[in-house]
Amino acid sequence: MNYNIAVIPGDGIGPEIIGEARKILDKVGAVYHHLFDYTEVLMGGISIDTYGVPLTDEALETAKNSDSVLLGAVGGNVGNSKWYDVAPNLRPEAGLLAIRKGLNLFANIRPAYLYKELADACPLKKEIIGDGFDMVIMRELTGGLYFGDRYTKEVDGVMTAVDTLTYNENEIRRIAVKAFDIAMKRKKQVISVDKANVLDSSRLWRKVVEEVAQDYPEVTLNHMLVDNCAMQLVMNPGQFDVILTENMFGDILSDEASMITGSIGMLSSASMNESKFGMYEPSHGSAPDIAGKNIANPIATILSAAMMLRYSFDLDKEADVVEAAVEQVLKEGYRTGDIYSDGFKKVSTTEMGDLIAERII
Ligand code: IPM
Ligand code: MG
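Description of the structure in this document. The residue numbering used here restarts from 1 in each chain and proceeds along that chain's sequence as written. To label them, take the chains in the order written and letter them from A, then take the ligands in the order written and number them from 1. Whole-chain, interface and lining totals are the exception, using all residues; otherwise, since this is a predicted model, local features are given only for residues with pLDDT of at least 70 and side-chain atom pairs are given and counted only at 80 or more. Think of the side-chain values as coming from all heavy atoms in the structure, minus any hydrogens and water.

Overview of the packing of helix 8 (residues 226-235) against helix 9 (residues 247-259)
Here is step 1 of the chain: Between N-to-C directions, angles cover 0 to 180 degrees, with each direction set by a line fitted to C-alpha atoms, over the stretch in contact for helices. Secondary structure follows DSSP: runs of H or I at least 4 residues long count as helices, runs of E at least 2 residues long count as strands, and numbering of each begins at the N terminus. As a packed pair, helix 8 and helix 9 sit with axes 10 Å apart at the nearest point and diverge in direction by 10°. Between helix 8 and helix 9, the crossing angle belongs to the class labelled roughly parallel. For the pair formed by helix 8 and helix 9, the contact residues are Val226, Cys229, Ala230, Leu233 and Val234 on the first element and Phe249, Leu253, Glu256 and Ala257 on the second.
Here is step 2 of the chain: Three classes are used, and their members are as follows: Ala, Val, Leu, Ile, Met, Phe, Trp, Tyr, Cys and Pro are nonpolar, Asp, Glu, Lys and Arg are charged, and the others, Gly among them, are polar. For the contact of helix 8 with helix 9, the per-class residue count stands at eight nonpolar, no polar and one charged. Any angle from 65 to 115 degrees is called roughly perpendicular, while one under 35 is roughly parallel, one over 145 is roughly antiparallel, and all others are oblique. Every residue pair with non-hydrogen atoms within 4.5 Å of one another is taken to be in contact.

A look at the nonpolar core
Here is step 1 of the chain: Take the buried residues of types Ala, Val, Leu, Ile, Met, Phe, Trp, Tyr and Cys, join any two whose side-chain atoms come within 4.5 Å, and each joined set is a nonpolar core. Accessible area is worked out with a 1.4 Å probe on protein chains only. A residue is then buried under 20% of its type maximum, exposed over 50%, and partly exposed in between. Grouped together as the largest cluster of nonpolar side chains are 67 residues, with contacts concentrated most on Ile5, Phe36, Leu70, Phe180, Leu244, Leu309 and Ile356.
Here is step 2 of the chain: The greatest single-element share of this core, amounting to eight residues, is contributed by helix 10 (residues 299-311).

Comments concerning empty space enclosed by the protein
Here is step 1 of the chain: Residues are called lining when one of their atoms sits within 4 Å of a cavity or pocket point, these points coming from a 1 Å grid over the protein atoms alone, where a cavity is a set in which a 1.4 Å probe fits but cannot get out and a pocket is an open set with protein on both sides within 12 Å along at least five of seven lines. Grid points are joined across faces, edges and corners, and a volume is the space filled by probe spheres set on the points. Using the criterion set out here, one finds one cavity of 30 Å³ or more in the structure.
Here is step 2 of the chain: Counted as a void, the largest cavity has a volume near 50 Å³.
Here is step 3 of the chain: Around the largest cavity, the lining residues are Leu165, Tyr167, Val193, Asp194, Leu199, Ser201, Ser202, Trp205, Glu246 and Phe249.
Here is step 4 of the chain: Of all the elements in the fold, those that place two or more residues in the lining of the largest cavity are strand 8 (189-194) and helix 7 (200-213).
Here is step 5 of the chain: The residue inventory of the lining of the largest cavity, partitioned by class, reads six nonpolar, two polar and two charged.

Comments concerning helix 1 (residues 14-32)
Here is step 1 of the chain: Helices are assigned an expected span. That span is 1.5 Å times one less than the residue count. With 19 residues, helix 1 should cover 27 Å at 1.5 Å per step; its first-to-last C-alpha distance of 27 Å lies within 8% of that length.
Here is step 2 of the chain: Three or more residues of helix 1 are buried, namely Gly14, Glu16, Ile17, Ile18, Glu20, Ala21, Ile24, Leu25, Val28, Gly29 and Tyr32.
Here is step 3 of the chain: Of the residues one or two after helix 1, His33 is the one with positive phi, at around 60°.

A word on the environment of Arg139
Here is step 1 of the chain: Within the fold, Arg139 resides in strand 5 (residues 134-140).
Here is step 2 of the chain: A residue is classified by how much of its surface remains accessible, and Arg139, at 1% relative accessible area, is buried.
Here is step 3 of the chain: Put simply, Arg139 and Asp26 are 113 residues apart on the chain and 30 Å apart in space, counted from C-alpha to C-alpha.
Here is step 4 of the chain: The contact partners of Arg139, leaving out residues within four places of it in the chain, are Arg100, Phe106, Ala107, Asn108, Arg110, Tyr146, Ile175, Thr245, Glu246, Asn247, Gly250 and Asp251.

Notes on unusual backbone geometry
Here is step 1 of the chain: One non-glycine residue, His33, lies in the positive phi region at around 60°.
Here is step 2 of the chain: In this model, Ala287 sits at a positive phi of 40°, which is unusual for a non-glycine residue.
Here is step 3 of the chain: Structurally, the position occupied by Ala287 is in the loop between strand 12 (278-282) and helix 10.
Here is step 4 of the chain: Classification of Ala287 as partly exposed rests on a relative accessible area of 23%.

Considering a nonpolar patch on the surface
Here is step 1 of the chain: Residues enter a patch when their relative accessible area is above 30% and they make no salt bridge; the linking distance is 9 Å between like charges and 5 Å between nonpolar side chains (Val, Leu, Ile, Met, Phe, Trp, Tyr). Residue-level accessible areas treat just the shown protein chains as cover; the underlying method is Shrake-Rupley with a 1.4 Å probe. The rule for a salt bridge is simple: a side-chain nitrogen of Lys or Arg has to be within 4 Å of a carboxyl oxygen of Asp or Glu. Together, Tyr51, Val53, Val86 and Leu90 make up a nonpolar patch on the protein surface, roughly 310 Å² of accessible area in all.
Here is step 2 of the chain: Tracing the backbone through its elements, the reader meets Tyr51 in helix 2 (residues 45-51).

Observations concerning the pairing of strand 12
Here is step 1 of the chain: Judged by how many residues are buried, strand 12 sits mostly within the fold: five of five residues are covered.
Here is step 2 of the chain: Burial along strand 12 is two-sided: Gly278, Tyr280 and Pro282 and Met279 and Glu281, pointing in opposite directions, are all buried.
Here is step 3 of the chain: A strand pair is defined by DSSP finding two or more bridges across the two strands. In terms of strand pairing, strand 3 (residues 68-73) meets strand 12 through two bridges, oriented parallel. From the neighbouring strand, Leu70 faces strand 12, where its bridge partner is Tyr280.
Here is step 4 of the chain: What sits between the antiparallel neighbours strand 11 (residues 268-272) and strand 12 is a turn of five residues.

Brief notes about the side chain of Ser254
Here is step 1 of the chain: One can find Ser254 in helix 9.
Here is step 2 of the chain: In contact with Ser254, not counting residues within four places along its chain, are Arg110, Ile137 and Leu267.

What to know about the pattern of salt bridges
Here is step 1 of the chain: For the coordinates displayed, the defined rule picks out 21 salt bridges.
Here is step 2 of the chain: With a closest N to O distance of 2.9 Å, Lys82 and Asp49 form a salt bridge. Of the two residues, Lys82 is situated in the loop between strand 3 and helix 4 (92-102) and Asp49 in helix 2; the sequence distance between them amounts to 33 residues.
Here is step 3 of the chain: Residue classification places Lys82 among the exposed residues on the basis of a relative accessible area of 59%.
Here is step 4 of the chain: Overall, Asp49 belongs to the partly exposed group, its relative accessible area being 46%.
Here is step 5 of the chain: Note that Arg173 and Glu169 form a salt bridge whose closest N and O atoms lie 3.0 Å from each other. With Arg173 and Glu169 both in helix 6 (residues 169-184) and four residues apart, this pair spans about one turn of that helix.
Here is step 6 of the chain: Taking relative accessible area as the criterion, Arg173 reaches 27% and is therefore assigned partly exposed.

Here it is in structure tokens:
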């Protein structure tokens, strides 16, 4: 079959890691007789440099008309890049938020799984790691603080900045449904993370999540406060199956969860709408400090491409093969710099891509 993929390399290491994900998709296409057609789309800093805005209407249209979107990363060094000191709606990250909103990608799925082979790269003590962990963070992606009203102005002679955290019950319900659906295919445990001891939005969150839970009698639901969750992730990560949470909490917790997998360079992610349409991207950023050096870890992006095969194209077997190839390469001892330790074989970004592609047969 033919699939049209809008590809957004973006900034920093984005183009390098996207190159490796395409290599993998092309190999899958050759072995399993699919044709992946790519249309390149500019977003983020490179779009600002070319068109003056982080996402053009045409770019959004191209993404909308594709079968799915593959994204590298956008942005430069925060606080220290030519793209930082501009109006918020003209920053590279604004392009990312605009495409998430424009494509209605409200469900961000971020799996965090500890490969046995990477247990040494996990910063936690062995007794805490235990048998490892395998969790999915279901992060709400088009609401909350990221999309509420914001402004900075002088109030009574004092500079004042306001960001607004809003959720309505429909936004909460649809993401909760996604979390329970995915839990049904896993260990059937949802932990909903909020700050209901302080925030109104969290109280509504809790109430609506409990209502949705009624429709899933087989799934166990527990609630956890976000500060406690941050602690539990490094104290007992094995207790989590599906973490359901709002946009900002999910942003923070998913970085933490990725770090305990050994490297943020390993964590894939899918952002979906109500249907099978999705945008697939690594959870990490554009890492401008290592851009262009051919040392970035492409695995998170390759695993994101595998998620695309599974969730948007229903190519489960092909997705399994890609994931197995990644595992095999790790088992054979190949490591990019971020997951390297003594005794392993250090490889570059492109070498890692080649090794994984070779194992797709
Ligand atoms: C992420 C990133 C983005 C976010 C940034 C780049 C705006 O950190 O996808 O987690 O905060 O959502
Ligand atoms: Mg983040």
